[in-house]
Amino acid sequence: VDLSNDRLRIAEKAGATDVVNASQSNADARIAELASNTRISAIFECAGAAPALEMSVAIAEKGGKIVVVGTLSNRVTLQLGLLQYREVDLLTCSSYVVEDFRQAIRLIQDRRVDTAPLLSKTISLVEVPAMLDCMAKNAEGFIKVVATL
């Protein structure tokens with residue numbers, strides 16, 4: 001689930017069997033339909049979006065786990081009774097831990113992770129201000145931009 005069609009295409013290339021653009025009017029119904037046809041034992045909420053976390057609580061299976069990775073900036077109302085009744089574990093983590101960064105670098109160096117699909121553009125350092133302006137106006141089409149020295 002994402003708002004970016006570009007990110008959804010990358011997810012499909014990486015093996016996602018079902019993708020949903022959350023900005024579409026039928027997104028909630030489509031996610032509920034997908035959830036009713038499968039057991040969802042683990043959910044990673046990476047967007048930091050309250051609606052995504054609320055939906056995660058609604059669709060997690062009994063005994064499942066929800067991991068909150070995205071940084072939430074506002075208060076979130078959750079159905080704690082539902083979490084308790086269904087024995088769903090709600091876990092949080094810091095998404096910017098030095099050891100995680102080191103492990104990611106090792107995985108990339110060892111070529112165990114292909115970063116090519118994530119790279120949208122390579123620019124020079126002097127192009128950064130213009131690129132930031134461009135992305136502020138319309139981030140669609142950009143996953144990761146690398147600036148070289």
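Above this text you will find the structure in question.
Reading the values: the criteria
Residues numbered from 1 in each chain as written. Predicted model: local features only at pLDDT ≥ 70, side-chain atom pairs only at ≥ 80, totals over all residues. Heavy atoms only, no water. Core = buried A, V, L, I, M, F, W, Y, C linked by side-chain atoms within 4.5 Å. Buried < 20%, exposed > 50% of the residue type's maximum accessible area, 1.4 Å probe, protein only. Helix = DSSP H or I, 4+ residues; strand = E, 2+ residues; numbered from the N terminus. Contact = heavy atoms within 4.5 Å. Salt bridge = Lys/Arg side-chain N within 4 Å of Asp/Glu carboxyl O.

S.K.: Just to check I follow, could you spell out the nonpolar core for this structure?
M.R.: Within soluble globular proteins, side chains that are nonpolar tend to cluster in buried spots. Ala35, Ile40, Ile43, Leu53, Val57, Ala60, Ile66, Val68, Leu83 and Val88 together form the largest nonpolar core, which totals 10 residues. Going through the elements one at a time, helix 3 (50-59) and strand 2 (65-68) are the ones with two or more residues in this core. Every residue in contact with Val88, bar those within four places of it in the chain, is listed here: Ala60, Glu61, Gly64, Lys65, Ile66 and Leu83.

S.K.: What's the story with the pattern of salt bridges in this structure? I'm lost.
M.R.: Here the idea is simple: oppositely charged side chains can pair when their charged atoms come close. What the rule picks out here adds up to seven salt bridges. In this structure, the salt-bridge partner of Arg9 is Asp6, at a minimum N-O distance of 2.3 Å. With Arg9 and Asp6 both in helix 1 (residues 5-13) and three residues apart, the pair spans about one turn of that helix. By relative accessible area, which is 18% here, Asp6 ends up buried. For the salt bridge of Glu87 with Lys62, the shortest nitrogen-to-oxygen distance reads 3.9 Å. Placement of Glu87 in the loop between helix 4 (80-85) and strand 3 (89-92) and of Lys62 in the loop between helix 3 and strand 2 is noted, with a sequence separation of 25 residues between them. Looking at Glu87, the relative accessible area reads 52%, which means it is exposed. Within this structure, Asp18, Arg30 and Glu33 form a network of salt bridges that share partners.

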